[in-house]
Protein chains: 2
Amino acid sequence: MGLAIIAPNKSIDEINAWTAVFREINPQLHIQVFPEISDKKAVEVVVLWQHPKGILHEFPNLRLICSMGSGVDHIMADYSPDNVPITRIVDPRLTFSMTNYVVMGILNHHRQILRYIKDNQSKTWDMSQPEIPISVGVMGVGELGGDVLDKVAGLGFPAIGYGNSPKSNFRHRYFYGDQLQEFLNEVNLIVCLLPLTPKTVGFLNKDLFRKFKKGTYLINVARGKHLVEEDLIPAIQAGFISGALLDVFQEEPLPVTHPFWEHDKITVTPHIASITNHKAAAPQIMENYQNLMADKPLINQINKNQGY
Amino acid sequence: MGLAIIAPNKSIDEINAWTAVFREINPQLHIQVFPEISDKKAVEVVVLWQHPKGILHEFPNLRLICSMGSGVDHIMADYSPDNVPITRIVDPRLTFSMTNYVVMGILNHHRQILRYIKDNQSKTWDMSQPEIPISVGVMGVGELGGDVLDKVAGLGFPAIGYGNSPKSNFRHRYFYGDQLQEFLNEVNLIVCLLPLTPKTVGFLNKDLFRKFKKGTYLINVARGKHLVEEDLIPAIQAGFISGALLDVFQEEPLPVTHPFWEHDKITVTPHIASITNHKAAAPQIMENYQNLMADKPLINQINKNQGY
């Protein structure tokens, strides 16, 4: 019985930090780290982040697949055995960071910080229209989206959710499925926190933007692949979108030639809205390792049919 | 019986907006507007904002002094008859704006928005150290300061208050009076929401800054006179202060020659954190007018000994 970490884009330091936590909890654990996995038959648990496509075919005794982050789209987008459960990380610290980043973005739009920073440069004292009235719509109301709605409502703003499927007794107003236009009619600031699934790839595209209220502000903190990037600047030019705060991109790091860097209505941050903390995450994987050994139910297991 | 509005720095449009609300509630009311106050003996209620010094000597039958805003420092700093009560405006909308401005400032420091805006300009993708850990101290824990503490704690940050006098059963950790150093030892972001009184004029000065933890961030949304402006840049240079968000200044508009405009650690906004809304404020004054007529207790009356 053993575990393999397959995360080719993470640094050796980062992998070592995860391994140290694993060993602290389970000193006997047999850990192999990609690309040095010599004994593939011993691997019953894989711990994955952006693994090479098709690699899961190589492990005949696989019993558990663990994402190293909150998202599992990197796993769902590739082959994995049907009967092997997949788990993700649920990290309160991750929720704290994500929510505070999103609330920052919302308040910066509401209070127009970019305008005042420009006014600083030109030494302009302009007290007119100090607030843009906002009504916040959050697409994707899981752990993260739900927390954003709680905090935004707590600050006194209208806050409405939208998701794929019906939800009973949700604590905020909520629209789903084909109620999309009704949802969009009520909001002028959209936060994308959707999971990345085949249904949501490219969901933020020109057909959606045309349904926005004029001047809607967009915050994308989910995945770069949610946004059809070439549709954004035309939607700003057409007035459907007044500006955007983007933390994730189709290609990361965002290439220096990308037009988002220089656009004065677009603020780019380098995928820092929320970063999984190995100290919170690694023990969750060890807990599931023990659960698997003891035939107990897993924590944070995803529903493969929903894809999240 | 009549009312006089004395607010020489407010525009005619603004005065008319207040007058319209007064008339709507009380069509018979005799309203005089400075400088055209011909019948001074008829004035029993004055409604003030930055009135000319000494003018209250001119009204022999004064029974009530109403500030047009949340602050009463402009009244306390001048002559007013001892036995005449003073009221202020308490506006939930004002609290909403103030809190959201302050939370924006706190999150922008925590998540380093100015750094990322610079990185946008140089097309730099730098994921290192995405958060500055913060512990928030609010000086002045009245209506506004208390609400800021509620919201900051709600977002998951340590939040501590400091004020002049003891408070029993306050819902956050609280220090007062000579516990100043203990308070400062626990925080690295200070929000000034103190009332402006003879005790707090110039409270934000070099002697205070020397007691700050190195790298404390400063947000002043109270009054320009709280800050000894010439002490700020030296305190930044000495490392006591890492930066500041300032909405209020000794002289407003901030003169174009002022060094705050160009300093890269100082963000200036043009006194827009919170603006009194006449639709919320004017009815409070009319309510007190009726209370006075009916010998009922006043709302939002200030304690003259405390000065707020």
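Residues numbered from 1 in each chain as written. Chains lettered and ligands numbered in written order. Predicted model: local features only at pLDDT ≥ 70, side-chain atom pairs only at ≥ 80, totals over all residues. Heavy atoms only, no water.

### Overview of the overall build of chain A
Okay, so step 1: Within chain A, the regular secondary structure consists of nine helices and 12 strands.
Okay, so step 2: Taking 19 Å as the expected radius of gyration for a compact globule of 308 residues, we find that chain A reaches 21 Å, a close match to that expectation.
Okay, so step 3: Structurally, chain A occupies a C-alpha span of about 65 × 45 × 30 Å along its principal axes.
Okay, so step 4: Taken over 308 residues, chain A has a buried fraction of 56%.
Okay, so step 5: Relative to all contacts within chain A whose residues are 6 or more apart in sequence, the contacts with residues 24 or more apart total 60%. (Helix = DSSP H or I, 4+ residues; strand = E, 2+ residues; numbered from the N terminus. Rg over C-alpha atoms; globule rule 2.2 N^0.38 Å. Buried < 20%, exposed > 50% of the residue type's maximum accessible area, 1.4 Å probe, protein only. Contact = heavy atoms within 4.5 Å.)

### Examining the packing of aromatic side chains
Residue and element names in this part refer to chain A.
Okay, so step 1: Throughout the structure, instances matching the rule amount to 18 aromatic pairs over all chains.
Okay, so step 2: Here Trp 18 and Phe 22 contribute two aromatic rings whose centre-to-centre distance is 6.3 Å and whose plane-to-plane angle is 70°, an arrangement assigned as edge-to-face. With Trp 18 and Phe 22 both in helix α1 (residues 12–25), this residue pair falls four residues apart, about one helical turn. The same class applies to Trp 18 as to Phe 22, namely buried. (Phe/Tyr/Trp six-rings, centres within 6.5 Å; stacked < 30°, edge-to-face > 60°.)

### Some remarks on the domain arrangement of chain A
Residues and elements named next belong to chain A.
Okay, so step 1: Each assigned domain of chain A is listed with its residue range as follows: domain 1 (2–90 + 276–293) and domain 2 (92–268).
Okay, so step 2: Once you take the C-alpha centre of each, domain 1 and domain 2 turn out to be 32 Å apart.
Okay, so step 3: The partner domain 2 presents seven residues to the seven residues of domain 1 that form the contact.
Okay, so step 4: Both sides together, the interface formed by domain 1 and domain 2 hides about 600 Å², and carbon and sulfur atoms give 62% of it.
Okay, so step 5: Summed over the three residues of domain 1 that lose the most area to domain 2, namely Ser 70, Asp 73 and Val 90, the buried surface amounts to 61% of that side.
Okay, so step 6: Linking domain 1 with domain 2 are one salt bridge. (Domains from an automatic or database assignment. Buried area = accessible area lost by both parts, 1.4 Å probe. Salt bridge = Lys/Arg side-chain N within 4 Å of Asp/Glu carboxyl O.)

### Digging into the sheet that holds strand β5 (residues 86–87) of chain B
Each strand in a sheet pairs with another by means of backbone hydrogen bonds, the pair being arranged parallel or else antiparallel.
Residues and elements named next belong to chain B.
Okay, so step 1: Here we have five strands laid out as an open sheet, ordered β2-β1-β3-β4-β5, and parallel in their pairing. Either end of the sheet is taken by a strand with one partner, and the two such strands are β2 (31–33) and β5.
Okay, so step 2: As paired strands, strand β1 (residues 2–6) and strand β3 (residues 43–48) are joined by five bridges and run parallel to one another. Counterpart to Ala 4 in the pairing with β3 is Val 46. (Pairing = 2+ DSSP bridges.)

### Things to note about the packing of helix α1 (residues 12–25) of chain B against helix α9 (residues 278–293) of chain B
All names here are of chain B.
Okay, so step 1: Remark: α1 packs on α9, axes separated minimally by 9 Å, with the N-to-C direction vectors making an angle of 45°. One way to sum up the angle between α1 and α9 is to call them oblique. In this structure, α1 meets α9 at a crossing whose hand is right-handed. Where α1 approaches α9, its residues Ala 17, Trp 18, Val 21, Phe 22 and Ile 25 are matched on the opposing element by His 278, Ala 281, Ala 282, Pro 283, Ile 285, Met 286 and Gln 290.
Okay, so step 2: The class makeup of the residues in the contact of α1 with α9 is 10 nonpolar, two polar and no charged. (Axes fitted to C-alpha atoms, helices over the stretch in contact; angles between N-to-C directions. Parallel < 35°, antiparallel > 145°, perpendicular 65-115°, else oblique. Left-handed = near helix turned anticlockwise from the far one by under 90°. Nonpolar A, V, L, I, M, F, W, Y, C, P; charged D, E, K, R; others polar.)

### Digging into the interface of chain A and chain B
Okay, so step 1: Listed per partner, the contact involves 46 residues of chain A and 46 residues of chain B.
Okay, so step 2: Here chain A and chain B share an interface that buries about 4,200 Å² over both sides, 68% of which is from carbon and sulfur atoms.
Okay, so step 3: Seen at the junction of chain A and chain B, the total is four salt bridges.
Okay, so step 4: Residues Lys 123 of chain A and Glu 262 of chain B are paired through a salt bridge, measuring 3.4 Å at the closest nitrogen-oxygen approach.
Okay, so step 5: Joining chain A to chain B, the criterion identifies 19 residue pairs in polar contact (both at pLDDT 80 or more).
Okay, so step 6: For the side of chain A that touches chain B, the elements supplying multiple residues, two or more each, are α3 (92–110), α4 (113–122), α5 (143–154) and β12 (266–268) of chain A.
Okay, so step 7: With 10 residues, α3 of chain A is the largest single contributor of residues to the side of chain A that touches chain B. (Polar contact = N/O pair within 3.5 Å; in protein donor to acceptor, adjacent residues only side chain to side chain.)

### Regarding helix α3 (residues 92–110) of chain B
All names here are of chain B.
Okay, so step 1: Across its 19 residues, α3 extends 26 Å between first and last C-alpha, which sits within 8% of the 27 Å expected from 1.5 Å per residue.
Okay, so step 2: The element α3 is largely enclosed, with a buried count of 17 among its 19 residues.
Okay, so step 3: In this structure Asp 91 caps α3, since a side-chain oxygen of it lies 2.8 Å from the backbone nitrogen of Arg 93.
Okay, so step 4: Where α3 terminates, the next one or two residues include Gln 112, which has phi positive at roughly 60°. (Expected span 1.5 Å × (residues − 1).)

### Topic: the side chain of Thr 95 of chain A
Residue and element names in this part refer to chain A.
Okay, so step 1: Checked against the element boundaries, Thr 95 lands in helix α3.
Okay, so step 2: Looking at Thr 95, the relative accessible area reads 8%, which means it is buried.
Okay, so step 3: Ignoring sequence-local partners within four residues, the contact set of Thr 95 consists of Glu 143, Leu 144 and Asp 147.

### As for the relation of the copies chain A and chain B
Okay, so step 1: Its rotation angle being 180°, the transformation that places chain A on chain B also includes 0.0 Å of axial translation and leaves an RMSD of 0.1 Å. These values place the two chain copies in the arrangement generated by a two-fold rotation axis. Closest approach to the rotation axis within chain A is made by the C-alpha atom of Met 104 of chain A, at a distance of 2.9 Å.
Okay, so step 2: Counting the interface residues of chain A, we find that 100% of their copies in chain B are interface residues as well, pointing to one common contact surface. (Least-squares fit on C-alpha atoms with pLDDT ≥ 70 in both.)

### Re the environment of Met 104 of chain A
Okay, so step 1: Along the polypeptide, Met 104 of chain A turns up in helix α3.
Okay, so step 2: Apart from the residues within four sequence positions on either side, Met 104 of chain A is in contact with Leu 107, Asn 108, Arg 111 and Ile 113 of chain B.

### A look at the nonpolar core
Okay, so step 1: If you look at the biggest cluster of nonpolar residues, it comprises 68 residues, and the most contacted ones within it are Ile 106, Val 191 and Val 221 of chain A together with Ile 106, Val 191 and Val 221 of chain B.
Okay, so step 2: In contact with Val 191 of chain B, other than residues within four places in its own chain, are Val 102, Ile 106, Val 136, Gly 137, Val 138, Met 139, Ile 219 and Val 221 of chain B.
Okay, so step 3: By size, the runner-up hydrophobic cluster in this structure holds 33 residues, among which are Tyr 162, Leu 218, Ala 244 and Trp 261 of chain B. (Core = buried A, V, L, I, M, F, W, Y, C linked by side-chain atoms within 4.5 Å.)

### Some words on the pattern of salt bridges
Okay, so step 1: One pass over the full model with this rule turns up 26 salt bridges over all chains.
Okay, so step 2: Among the salt bridges present, the one from Glu 14 of chain A reaches Lys 10 of chain A, with a minimum N-O distance of 3.5 Å.
Okay, so step 3: Notably, a salt bridge pairs Glu 186 of chain B with Arg 173 of chain B, separated by 2.6 Å at the nearest N-O pair. Taken together, the residues span a long stretch of sequence, with Glu 186 of chain B in the loop between α6 (180–185) and β9 (189–192) and Arg 173 of chain B in strand β8 (residues 173–176) at a distance of 13 residues.
Okay, so step 4: Overall, the relative accessible area of 30% leaves Glu 186 of chain B in the partly exposed class.
Okay, so step 5: The exposure class of Arg 173 of chain B is partly exposed, given its relative accessible area of 45%.
Okay, so step 6: Through salt bridges with shared partners, one network takes in Arg 93 of chain A together with Arg 111 and Glu 131 of chain B.

### Side note on α5 of chain A
Residues and elements named next belong to chain A.
Okay, so step 1: Helix length check: α5 (12 residues) gives 17 Å between terminal C-alpha atoms against 16 Å at 1.5 Å per residue, within 8%.
Okay, so step 2: Within α5 the residues assigned to the buried category are Leu 144, Gly 145, Gly 146, Asp 147, Val 148, Leu 149 and Val 152.
Okay, so step 3: In the core, the buried residues of α5 are packed alongside α3, β6 (136–139) and β7 (159–163).
Okay, so step 4: One or two positions beyond α5, positive phi appears at Gly 156, with a value near 100°.

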